[in-house]
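Examining the three-dimensional arrangement
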Amino acid sequence: MQEIELKFLVPESRLKGLMRQARVKPSEVTQLAAHYYDTPDQQLAEAGIGLRIRKEGDAWVQTIKAGGDGIAARLEHNAVLDNEQVQAMLDNNTLMPDLTIYKNTSVAPALAEFKLKKLAKNLTRLYVTDVERTTRLLVGDSGSDGDANNHVEMAYDYGEIIHGNDDTQRDAIQEIEFELISGDIDFLFATAKTWCKRYKLCLSTVTKAERGGLLITEQQHSPAVHADLDQLNIDKKISMPAFVRAAVHNCLLQILPNSSAIVAGSEEDDHALQLYIGIVRLQAALQAFASYSDEINPDWLPILQQTAMLLNEYRELAHLASHIEPNLQQQGAPTVDWATDMDALNITPKDAICANDFQLTLLELIAFTMSDPSLEPKADQLAIDKLAKTLSKQQAKLGKAVQKLQSKKDLGSNNINIESNDLKDDDLQSVDLEDSDLENVDSKSDDIENIDLDDNEAEHELHEQLTPLLYISEFATPLLDKKKSKKKKAKKESKRWLKYLAKAQKTLNKYHNHKMYQQRYQLKSKTDSSALYGAGWFAAMLVRDLKRTEKHLAKVTDSSIFR
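Everything quoted here is computed from the prediction, not taken from an experiment. (Residues numbered from 1 in each chain as written. Predicted model: local features only at pLDDT ≥ 70, side-chain atom pairs only at ≥ 80, totals over all residues. Heavy atoms only, no water.)

What to know about the packing of aromatic side chains
Counting across every chain of the model gives 12 aromatic pairs. For the ring pair Trp195 and Tyr199, a centre distance of 5.6 Å and an interplane angle of 50 degrees mean the geometry is tilted. Taken together, the residues Trp195 and Tyr199, both in helix α5 (residues 185-199) and 4 residues apart, mark about one turn of the helix. Accessibility assignment for this pair places Trp195 and Tyr199 in one class, buried. Ring geometry for Trp537 and Phe538: centres 4.9 Å apart, planes at 90 degrees, overall edge-to-face. Residue Trp537 is classed as buried on the basis of its relative accessible area of 0%. By relative accessible area, Phe538 is classed as buried at 0%. Through a chain of ring-to-ring contacts, three or more aromatic side chains come together here, namely Trp338, Tyr517, Tyr521, Trp537 and Phe538. (Phe/Tyr/Trp six-rings, centres within 6.5 Å; stacked < 30°, edge-to-face > 60°. Helix = DSSP H or I, 4+ residues; strand = E, 2+ residues; numbered from the N terminus. Buried < 20%, exposed > 50% of the residue type's maximum accessible area, 1.4 Å probe, protein only.)

Section: helix α6 (residues 208-216)
Most of α6 is tucked away: 7 of the 9 residues are buried. Buried within α6 are the following residues: Lys208, Ala209, Arg211, Gly212, Gly213, Leu214 and Leu215.

Description of a positive patch on the surface
A cluster of basic residues, Lys499, Lys503, Lys551 and Lys555, forms a positive patch at the surface. At the level of secondary structure, the elements contributing two or more residues to the positive patch comprise α17 (490-524) and α18 (531-557). Tracing the sequence through the fold places Lys503 in helix α17. Residue class for Lys503 comes out partly exposed when judged on its relative accessible area of 39%. (Patch = residues over 30% accessible without salt bridge, like charges linked within 9 Å, V, L, I, M, F, W, Y side chains within 5 Å. Areas by Shrake-Rupley, 256 points an atom, 1.4 Å probe, with all protein chains shown as cover. Salt bridge = Lys/Arg side-chain N within 4 Å of Asp/Glu carboxyl O. Lys, Arg positive; Asp, Glu negative; His and termini not counted. Charge placed at Lys NZ, Arg CZ, Asp CG, Glu CD.)

A short note on the environment of Trp195
For Trp195, a relative accessible area of 5% translates into the label buried. The sequence separation of Trp195 and Phe178 amounts to 17 residues, and the corresponding C-alpha distance is 9.8 Å. Not counting residues up to four positions away in its chain, the partners in contact with Trp195 are Leu18, Gln21, Ala22, Arg136, Leu138, Met154, Ile176, Phe178, Lys200 and Leu201. (Contact = heavy atoms within 4.5 Å.)

Examining the nonpolar core
Note that soluble globular proteins tend to have their nonpolar side chains buried in a common cluster. Counting residues in each nonpolar core, the largest one holds 101 residues, and the members touching the most others are Phe8, Ile176, Phe178, Leu201, Phe243 and Phe289. Here this core takes 13 residues from helix α7 (residues 240-263), the largest share from any one element. (Core = buried A, V, L, I, M, F, W, Y, C linked by side-chain atoms within 4.5 Å.)

That's the geometry; what it means functionally is another story.
Next up, the structure:
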C-alpha cells in the first residue's frame, strides 16, 4: 500500500501548546521500540528504502518503506510477526527481518535490484529508536451529507535514536506527522496547514532511517541535494497541467531536503546555495508555465521571491567571510573583519525558511503536485504543442535585454589587457585567486573606471532573463527532443543549446558575484582601508568577466532550437 503523510519539526516555543492539543481525548500514548536494519555500507538507504522491526503496543511489526508516487507518498508494507518467535530471537540476540514475505507484494519492485538471499545474509542492526508516540484521529466532514469519512492520524513522536553498537551515541526525536487514513487528500493538507499556522511547524523530509544513518556515520546532516533532471517524469503525451506539476515537483525534490537540513540547524553554505537555486528554478517554472495550469496560486511567487532574496543576502556575505576573505589573505591581502557585518544581518537562512508564510507555501506546492491534472480545463492540451512558443518568447526577451545592455556599454570596445589564467569551472559562489591576477591589481584596477559598470538596471534585466531561460529550457528540451525525434541531430542541438546557456549563465553569475564583492569591499574601505585590496582585485576581475560574458551571450543569441 502507499502511505501519504507530512512530517514537521516542532519549535521548542510551541511544544507545550501542541502537546496540550495532541493529548485531547481520545488520544493514545504508545511506546515504540524499533530496530532498523541495513547492510554495513547502507545499500538500502542509498536506494531510498527503510527496513525495521518495531514493537507497537503488544504486537511486533516488520515494516519496509520505499519511494512512492509523490513527495508526501511512500510505499509501505507491514507484516505482523509472531510474538513468541520474536521474543526468542531477542533473547538470543538474533532478531532479523524476513525478506521472503515481500515476494509478489507492492514493494517487490523496489527490491528488484537486490538478490534477496544475499541481502538477507548481509543485513545487520544499525540503530534502534525508543519513542513515545501520542496519536489522535482527526475527523472531517465530507460533503453536504455530513458523512465523516475523512480521517487523518496525528502522531507526535518524542524519544531518541540510539546507535546499534554504542548506546552512548544518541540523537533526540521531536516531530509530528499527519497521515491520511481515509478520504480526500485535500483534508490532509487542510489539516496540516491548520496545525502549521497555529504552532509554526516546519516541514521535514528527513526520515528516522535517514537520521539513524547519519548517527552511525557521525554526520549532522545529509549532503546538500542538487537539481536532478533525471527525476523529471514526463513524456511526449503529457498534458500542460501535468507538465507544470512535473516541473514543480522536480524543483521541490531539490528544495525540500535542503530546507529540511537548514530547519534542523545546518549552517553549511551548500545547503543554502542549493536551496536558493531550487527556489529560483521554481520561480522560473511558475512564471514561464503559469498559463499551463489554472491551479497556480499567484500568491506563491512573491513569497518565494522574498525568501530567495533573504537567503541570497545572507549567503553572499557568509561566503565572502568564510571563503573569499581567507583566499585573499592566503595571497597576501591584509585582513578584513566581516564579523560585524554578519552580526548586522537581521535574518538568517533558518529564520527565512521557518517563516510561516514560506512553510505554508511549500505545503500548497506539494498539494499542487499531488492534485489531479486531468480535472483542469487544459487537460486535453499537450504541453509539447506550446513549449516551443514559450521558449521562443523567453529567448526574444533575452535578446532585447542583451541589446539594451549593449546600447549602454560597448562590451567589445574595451582595450584593457589583463594577463591572467582562466578561472577554473566552479560553483556559483566560488572564486579562484591566482598570483598573476593579484600582481596586476595595483596597475590595472584603476582602469575599471573607464567602463560603465554601474548600469545595474540593464545588467539585472539581463540576469532576470538568462537564468529563467536556462531552467525552463532544461525542463522543456526532453519533450522537444521527442517531438523532433525523426531528426538525427535533435539531441545534439539540444545539448549544444543547453551548453551555451549554462556557460553564459555561469559567466554572467560570476560577473554579478564579483561585482557584488567589489562593491562590498569598496564600501568597507570607507571604514577600513585594508578593504581596498579586495576592491581593487575584484575590479580587475570585472574587466575579464565582461569579455567572457559577451562571448558566451553571443552564442546564445545567435542560436536557438525553439524557432
